[in-house]
Amino acid sequence: MNIGILQCDQVDPRLIAVHGTYSGMYIKLLHQEEPNLTFTVYDVRYGLLPSHVDAADAYVITGSRYGVNDDLAWISTLEEFVRCLHAARKKIIGICFGHQLIAKALGGKVIKSHQGWGIGMSVNKITQHKPWMSPSLGMLKLIVSHQDQVVLLPDGAEVLAASDFCPFYMLQIRDNLLSVQGHPEFSKRYSQALIELRKNNLSKELADKGLKSLRLHCDDKVFAKWVINFLSV
């Protein structure tokens, strides 16, 4: 299976040497579960999109420092491509920005949340179990780094995981779209580096709380397994 990575940003140059690139993070995450996957990376910020919806077997839309409501041509173009992929019933995995962009492209709404920044490890209750969610979890713990949130669901969206902080944390739309607000590709070390890099934009209390939360177990490997299962059904 070939996965098209629709890359919407890049790691801060100050962190690449230690933590690698965003596309590299996704490749490492998914190769742990399925080493035979191949990947094609499209940096959509520069107008690089697949020439056809069938250029890859499935797609991953990455996170980004940008917001889905930013008035940028590449974001509008990517939304239209998502609608084309959905019409063709191609499978898409949306991560953070990708999660929000899928929702917005299909009629949902995304805003800068009054809850403020979500950083560190998030803890979310599984609200609905699907057959591909094996091994089963009662709670899903993934690293987060976001201010925007989905606040209105697109038609057909099912909520699979939620918290008081983020009620629409993980979504499935029909049988081909899976999205999550968290970052399963982020390591704890990378999350720590991001928080420390952004300390001037965060309150000390929030930064300390985010760093402390990284002591919790992360379900990144389970989520990677879920992704492979989802893409295989």
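Refer to the preceding data block for the structure.
Quick caveat, the model's predicted, so the values are computed rather than measured.

J.: Sorry if this is basic, but what is going on with the overall build of the protein here?
T.: In terms of regular secondary structure, the protein is built from seven helices and eleven strands. For the protein, the spread of C-alpha atoms along the three principal axes comes to 45 × 40 × 35 Å. Within the protein, the proportion of its 233 residues that are buried is 55%. When contacts within the protein are restricted to residue pairs at least 6 apart in sequence, long-range pairs at least 24 apart make up 73% of them. For the protein, the accessible surface area stands at approximately 10600 Å², while carbon and sulfur atoms represent 52% of it.

J.: So what exactly am I meant to see when it comes to the packing of aromatic side chains here?
T.: Each pair of aromatic rings is reported with the distance of its centres and the angle of its planes. Per the counting criterion, the structure on display carries nine aromatic pairs. Ring plane angle 75° and centroid distance 5.2 Å describe the contact between tryptophan 132 and phenylalanine 230, whose orientation is recorded as edge-to-face. Of this pair, tryptophan 132 sits in the loop between β6 (118-126) and β7 (139-146) while phenylalanine 230 sits in helix α7 (residues 220-232), placing them 98 residues apart in sequence. Accessibility classification places tryptophan 132 together with phenylalanine 230 in one group, the buried group.

J.: Sorry, what's going on with the pairing of strand β9 (residues 157-162) here?
T.: Among the six residues that make up β9, five are buried, leaving the element largely enclosed by the rest of the structure. Where β6 and β9 come together, two bridges link them in antiparallel fashion. Its bridge partner lying in β9, isoleucine 126 is registered against alanine 161. Where β9 and strand β10 (residues 170-173) come together, four bridges link them in antiparallel fashion. Residue pairing in the sheet places glutamate 158 in a bridge with glutamine 172 of β10.

J.: Got a minute to help me understand the environment of aspartate 220 in this structure?
T.: By secondary structure assignment, the location of aspartate 220 is in helix α7. What makes aspartate 220 buried here is its relative accessible area of 18%. Not counting residues within four places of it along the chain, the set of residues in contact with aspartate 220 comprises Leu29, Lys141, Leu142 and Pro184.

J.: Just to check I follow, could you spell out helix α4 (residues 97-105) for this structure?
T.: For an α-helix the count is 3.6 residues per turn, leaving residues at separations of three or four pointing the same way. Of all nine residues that make up α4, eight are buried, and the element is covered over most of its length. Among the residues of α4, those classed as buried are Phe97, Gly98, His99, Gln100, Leu101, Ile102, Ala103 and Ala105.

J.: Quick question: what am I supposed to make of the pattern of salt bridges here?
T.: Note that side chains of opposite charge can pair when their charged atoms are close. Counted according to the given criterion, the structure contains eleven salt bridges. Measuring nitrogen to oxygen at the nearest pair gives 3.1 Å for the salt bridge that ties arginine 83 to glutamate 80. One end of the pair, arginine 83, and the other, glutamate 80, are both in helix α3 (residues 73-87), three residues apart, so they sit about a helical turn from each other. By relative accessible area, arginine 83 is classed as partly exposed at 33%. Here glutamate 80 falls in the partly exposed class, since its relative accessible area comes to 41%. Several salt bridges share partner residues, and in doing so they unite Asp9, Asp43, Arg45 and Arg65 into one network.

J.: Would you mind showing me how to read the side chain of lysine 90 here?
T.: Relative to the helices and strands, lysine 90 is located in the loop between α3 and β4 (91-95). Within the structure, lysine 90 has its side chain in polar contact with the backbone oxygen of alanine 56 (distance 2.9 Å). If we skip the residues at most four places from it in the chain, lysine 90 touches Val53, Asp54, Ala56, Asp57, Tyr59, Leu85, Asn176 and Leu177.

J.: Mind showing me how you'd approach the packing of α3 against α4 here?
T.: Two measures define how a pair of helices packs: the angle their axes make with one another and the distance between the axes. At a minimum axis distance of 9 Å, the contact between α3 and α4 shows a crossing angle of 70°. It follows from the interaxial angle that α3 and α4 lie roughly perpendicular. Remark: the crossing between α3 and α4 carries right-handed chirality. Residues Trp74, Ile75, Leu78, Glu79, Val82 and Arg83 of α3 touch α4, and the partners they reach there are Phe97, Leu101, Ile102, Lys104 and Ala105. A breakdown of the residues in the contact of α3 with α4 according to their chemical character gives eight nonpolar, no polar and three charged.

Basis of the calculations
Residues numbered from 1 in each chain as written. Predicted model: local features only at pLDDT ≥ 70, side-chain atom pairs only at ≥ 80, totals over all residues. Heavy atoms only, no water. Helix = DSSP H or I, 4+ residues; strand = E, 2+ residues; numbered from the N terminus. Buried < 20%, exposed > 50% of the residue type's maximum accessible area, 1.4 Å probe, protein only. Contact = heavy atoms within 4.5 Å. Areas by Shrake-Rupley, 256 points an atom, 1.4 Å probe, with all protein chains shown as cover. Phe/Tyr/Trp six-rings, centres within 6.5 Å; stacked < 30°, edge-to-face > 60°. Pairing = 2+ DSSP bridges. Salt bridge = Lys/Arg side-chain N within 4 Å of Asp/Glu carboxyl O. Polar contact = N/O pair within 3.5 Å; in protein donor to acceptor, adjacent residues only side chain to side chain. Axes fitted to C-alpha atoms, helices over the stretch in contact; angles between N-to-C directions. Parallel < 35°, antiparallel > 145°, perpendicular 65-115°, else oblique. Left-handed = near helix turned anticlockwise from the far one by under 90°. Nonpolar A, V, L, I, M, F, W, Y, C, P; charged D, E, K, R; others polar.

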